[in-house]
Amino acid sequence: MKHSILALYRQGGDRMYAGEPVTQLAHAWQCGRLAEKSGASAALQLASWLHDVGHLWVNAEGTPTLRGEDDGHEHVGASLLASVFGRAVSEPVRLHVLAKRYLVTTRQAYARKLSPDSVRSLHLQGGPMSEAECAAFESETYFTDALKLRVWDDLGKNQAWFDITREEALTHLADLMAVVQARDVTQI
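Residues numbered from 1 in each chain as written. Predicted model: local features only at pLDDT ≥ 70, side-chain atom pairs only at ≥ 80, totals over all residues. Heavy atoms only, no water.

**Comments concerning the overall build of the protein**
The number of helices and strands found in the protein is 11 helices and zero strands. Taken from the N to the C terminus, the helices and strands of the protein come in the order α-α-α-α-α-α-α-α-α-α-α. Taking 188 residues into account, the globule formula puts the C-alpha radius of gyration at 16 Å, and the protein, at 15 Å, falls close to it. Going through the 188 residues of the protein one by one, you find that 52% of them count as buried. Considering only contacts within the protein whose residues lie at least 6 apart along the sequence, 73% involve residues at least 24 apart. Split by element, the accessible area of the protein, about 8700 Å² in all, is 52% carbon and sulfur. (Helix = DSSP H or I, 4+ residues; strand = E, 2+ residues; numbered from the N terminus. Rg over C-alpha atoms; globule rule 2.2 N^0.38 Å. Buried < 20%, exposed > 50% of the residue type's maximum accessible area, 1.4 Å probe, protein only. Contact = heavy atoms within 4.5 Å. Areas by Shrake-Rupley, 256 points an atom, 1.4 Å probe, with all protein chains shown as cover.)

**Things to note about the nonpolar core**
Within the largest apolar cluster, 50 residues are counted, with the highest numbers of intra-cluster contacts made by Tyr 9, Leu 46, Trp 49, Leu 50, Phe 85, Phe 137 and Leu 173. If sequence neighbours within four positions are ignored, Leu 50 has contacts with Ile 5, Tyr 9, Leu 81, Phe 85, Val 93 and Leu 173. (Core = buried A, V, L, I, M, F, W, Y, C linked by side-chain atoms within 4.5 Å.)

**Examining helix α2 (residues 24–37)**
Compared with the 20 Å implied by 1.5 Å per residue over 14 residues, the 20 Å span of α2 between its first and last C-alpha is a close match. Most of α2 is tucked away: 11 of the 14 residues are buried. Taken residue by residue, α2 has Gln 24, Leu 25, Ala 26, His 27, Ala 28, Trp 29, Gln 30, Cys 31, Gly 32, Leu 34 and Ala 35 as its buried positions. Immediately beyond the C-terminal end of α2, within one or two residues, lies Gly 39, with a positive phi of roughly 80 degrees. (Expected span 1.5 Å × (residues − 1).)

**Here's the deal with the pattern of salt bridges**
If you walk through the whole model with that rule in mind, you get nine salt bridges. Two residues, Arg 33 and Glu 36, come together in a salt bridge whose shortest N-O distance is 3.1 Å. Here Glu 36 and Arg 33 lie together in helix α2, a separation of three residues that amounts to about one turn. Among the ionic pairs, Asp 117 bridges to Arg 120, the shortest N-O distance being 2.7 Å. On the criterion of helical spacing, the pair formed by Asp 117 and Arg 120 is a turn pair, its members being three residues apart in helix α8 (residues 116–124). (Salt bridge = Lys/Arg side-chain N within 4 Å of Asp/Glu carboxyl O.)

**Considering the packing of aromatic side chains**
The full count for this structure, using the stated rule, is four aromatic pairs. With 5.3 Å between their ring centres and 50 degrees between their planes, Tyr 102 and Phe 137 make a pair best called tilted. Separated by 35 residues along the polypeptide, Tyr 102 in helix α6 (residues 87–106) and Phe 137 in helix α9 (residues 131–138) bring together distant segments of the chain. We classify Tyr 102 as buried; its relative accessible area is 9%. (Phe/Tyr/Trp six-rings, centres within 6.5 Å; stacked < 30°, edge-to-face > 60°.)

**Quick look at the environment of Ile 164**
One can find Ile 164 in the loop between α10 (143–155) and α11 (166–182). The contacts of Ile 164, once residues within four sequence positions are left out, are Trp 29 and Ala 169.

Next up, the structure:
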């Protein structure tokens with residue numbers, strides 16, 4: 001699976017996010033670096049790197065939100081990652097869209113900071129949460145990790161911040177995947 005993930009980024013990593021100034025690979029790298037700089041565990045760093053891998057796996061032409069589609073990338077990605085890296089990686093990935101919906105509901109200023117594509121996807125993904133949905137989300141084991149990942153996801157869209165080569169980024173990702181597997185994170 002590790003080689004399949006790297007292949008996805010080799011094949012589709014140069015695709016731009018519609019309405020965003022970064023490629024899939026630059027966004028993944030930035031999110032991973034933000035997690036690393038914040039002192040996150042290796043598993044949460046990897047979840048941050050791979051939170052949008054479902055977009056690459058689905059490999060839909062163009063940008064789904066522009067067609068009014070929700071590609072369910074968070075569920076696709078979590079399913080891909082669960083058996084290889086365990087819940088400490090897959091659950092924050094699965095929950096990062098719910099984290100956006102939660103933050104929009106609980107922090108009024110948060111919604112004003114979303115990019116145009118995030119606003120489009122928010123409406124397709126269910127919009128703000130109800131009180132019951134917020135309570136259910138708060139009870140998730142990886143609630144806190146999902147909120148952290150969501151913040152890094154929103155910050156990891158800086159056009160000027162990708163100061164390594166594509167191959168160096170992929171090597172860093174491969175090394176991180178090996179570290180997470182070696183730490184037997186799948187047993188958590």
